[in-house]
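For reference, the chains in residue letters:
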Amino acid sequence: MVSEKMKPFMENNSAIRAMFEEGKRMAAVYGKENVYDFSLGNPNVPVPAVNEAIQAVLSEEDFNALHGYMSNAGFEDVRQTIADSLNKRFGTAFSQKNVLMTVGAASGLNVILKSILNPGDEVIVFAPYFVEYNGYVRNYDGRVVVVSPDTETFMPKLAEFEEKLSPRTKAVIINNPNNPTGVVYSEDTIRALAGVMEKKQKEYGTTIALISDEPYRELAYGGISVPFVTKYYANSVVCYSYSKSLSVPGERIGYLVIPDEMEESERLLTAAVIANRVLGCVNAPSLIQKVIKYCIEHEVSVDLAAYEKNRNLLYSALMEYGFSCAKPDGAFYMFVKSPVEDEKEFCETAKKHHVLFVPGSSFACPGYVRIAYCVSYEQIERSLSAFREIAREYGLTK
């Protein structure tokens, strides 16, 4: 009964979700306070103003207008508010027609990939990467091409990237700030990527889209700046989600930006709107669209101080205990080198100490583990003795 196309998806079901379910099972056995679950990137910092925005929208908007059909691209006033905000922050020149409201970032990625991919087209990603990209590309019979990780910096390997670009390359996906490493691609890095892509476009006579997946854009620390890619490469598409910046992953709300500079931008915008419909999304949820407009106008955002405090505590402790990790400048993850070659063995050892994290092979980068520190500060404090015992077990510290 199950289709052949679905079977690979079922065989490679998310290890992240599997670990999350294991955490729930262990919490029922040992008590939630005795299980240190760092597996799922679920925002834990509340943004109370979101609830206020919901109440305000419900009281102010006409029922039929709020809950009825709309343009498949989303409410025009919401899209214009987003465009104005981006223009103010990044010096761009978007209007509402450049913005398409989507059902979160995953839907946005599927919309743009459906709009541009033909069977056999290639999409380049940089390891470590969010492996559900594989599924999104396979949805449209494309092929993922992986650039191997630079485990010193976790920045793109430009020489290998250039080698793997081909006449079949239709898109390149970057994730900035990155999940799972927390690194932020700098302006110089984006310029370098753009230079390579522009060179190959001319050589092949093709168009290569740069898709920037940015659900963690607002989660950058210490004054770090996240470049807005449309300023550096004409054929760029930005895929955004409010899941992290407003702590609302369950609401599934985001947007695509397709700039006028994009080749065949008008046709691509039309295709994306149609893709949004034929994928079954039809349009992004109406209530939360209006909530986003309210939050932008009232400058609502998550308090980054809590995440930064968590990062500083956990990073300092892991370094003290002898672990190896590149300090993350964004998102809420640490990508820690496994003290043994098989990081899955490391995960199993940690589990004995009631610590849960995700193996790096889930991100096409074996030998590492991802630790999601979007948990309470108190949980991190309680977990430190367990991390110390794990380090001792592997001879990292006395």
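A short tour of the structure in this document, coming up. On a predicted model such as this, the values are computed, not experimentally measured, just so you know.

Cut-offs and rules
- Residues numbered from 1 in each chain as written.
- Predicted model: local features only at pLDDT ≥ 70, side-chain atom pairs only at ≥ 80, totals over all residues.
- Heavy atoms only, no water.
- Patch = residues over 30% accessible without salt bridge, like charges linked within 9 Å, V, L, I, M, F, W, Y side chains within 5 Å.
- Areas by Shrake-Rupley, 256 points an atom, 1.4 Å probe, with all protein chains shown as cover.
- Salt bridge = Lys/Arg side-chain N within 4 Å of Asp/Glu carboxyl O.
- Helix = DSSP H or I, 4+ residues; strand = E, 2+ residues; numbered from the N terminus.
- Buried < 20%, exposed > 50% of the residue type's maximum accessible area, 1.4 Å probe, protein only.
- Pairing = 2+ DSSP bridges.
- Arc of directions from axis to C-beta.
- Contact = heavy atoms within 4.5 Å.
- Polar contact = N/O pair within 3.5 Å; in protein donor to acceptor, adjacent residues only side chain to side chain.
- Axes fitted to C-alpha atoms, helices over the stretch in contact; angles between N-to-C directions.
- Parallel < 35°, antiparallel > 145°, perpendicular 65-115°, else oblique.
- Left-handed = near helix turned anticlockwise from the far one by under 90°.
- Nonpolar A, V, L, I, M, F, W, Y, C, P; charged D, E, K, R; others polar.

Once that is clear, we can look at a nonpolar patch on the surface. Together, Ile274, Val278 and Leu279 make up a nonpolar patch on the protein surface, roughly 230 Å² of accessible area in all. Secondary-structure assignment places Ile274 in helix α10 (residues 265–278).

A word on the environment of Asp188. For Asp188, the location among the structural elements is in helix α9 (residues 187–204). Judged by its relative accessible area of 58%, Asp188 is exposed.

Alternating residues of strand β8 (residues 254–257) divide into Gly254 and Leu256 and Tyr255 and Val257, and every residue in both groups is buried. Two elements, strand β2 (residues 99–102) and β8, share four bridges in a ladder whose sense is antiparallel. Its bridge partner being in β8, Leu100 is matched across the sheet by Leu256. Sheet analysis places strand β7 (residues 236–241) next to β8, joined by four bridges and oriented antiparallel.

So, about helix α13 (residues 343–352). Residues Glu343, Phe346, Cys347, Thr349 and Ala350 constitute the buried set of α13. For α13, the arc enclosing every buried residue in end-on projection is 160 degrees, short of the 170-degree limit, so these residues lie on one face. Those residues of α13 that are buried lie in contact with β10 (355–356), β11 (358–359), β12 (368–372) and α14 (377–393). The opening residue of α13, the one whose side-chain oxygen lies 3.0 Å from the backbone nitrogen of Lys344, is Asp342. Immediately beyond the C-terminal end of α13, within one or two residues, lies His354, with a positive phi of roughly 65 degrees.

Moving on, we get to the sheet that holds strand β9 (residues 333–337). Taken in spatial order, the three strands line up as β9-β12-β11 in an open sheet, and their pairing is antiparallel. Bordering the open sheet on either side are β9 and β11, each of which pairs with just one other strand. Bridge analysis of β11 against β12 gives two bridges, and the strand direction is antiparallel. Bridging from a neighbouring strand, Pro359 pairs with Val369 of β12. Docked against the sheet, helix α12 (residues 304–320) engages β9 and β12, running at close to 10 degrees with respect to β9.

The mixed open sheet is built from seven strands, whose spatial order is β2-β8-β7-β6-β5-β3-β4. Every other strand in the sheet has two partners, leaving β2 and β4 (143–147) as the edge strands with one partner each. Here the average twist between neighbouring strands, direction ignored, is 20 degrees. Here four bridges tie strand β6 (residues 209–213) to β7, and the two strands are oriented parallel to one another. By the bridge assignment, Leu210 is partnered in β7 with Ser236.

What follows is about the packing of helix α3 (residues 48–60) against helix α11 (residues 286–297). Helix-helix packing is characterised by the crossing angle of the two axes and by the distance between the axes. Taken N-terminus to C-terminus, the directions of α3 and α11 make an angle of 115 degrees; their axes are 9 Å apart at the nearest point. Accordingly, the angle class assigned to the pair α3 and α11 is roughly perpendicular. Judged by the sense of rotation from one axis to the other, the crossing of α3 with α11 is right-handed. Residue-level contacts link Val50, Ala53, Ile54, Ala56, Val57 and Leu58 of α3 to Leu287, Lys290, Val291, Tyr294 and Cys295 of α11. Taken together, the residues that form the contact of α3 with α11 break down as ten nonpolar, no polar and one charged.

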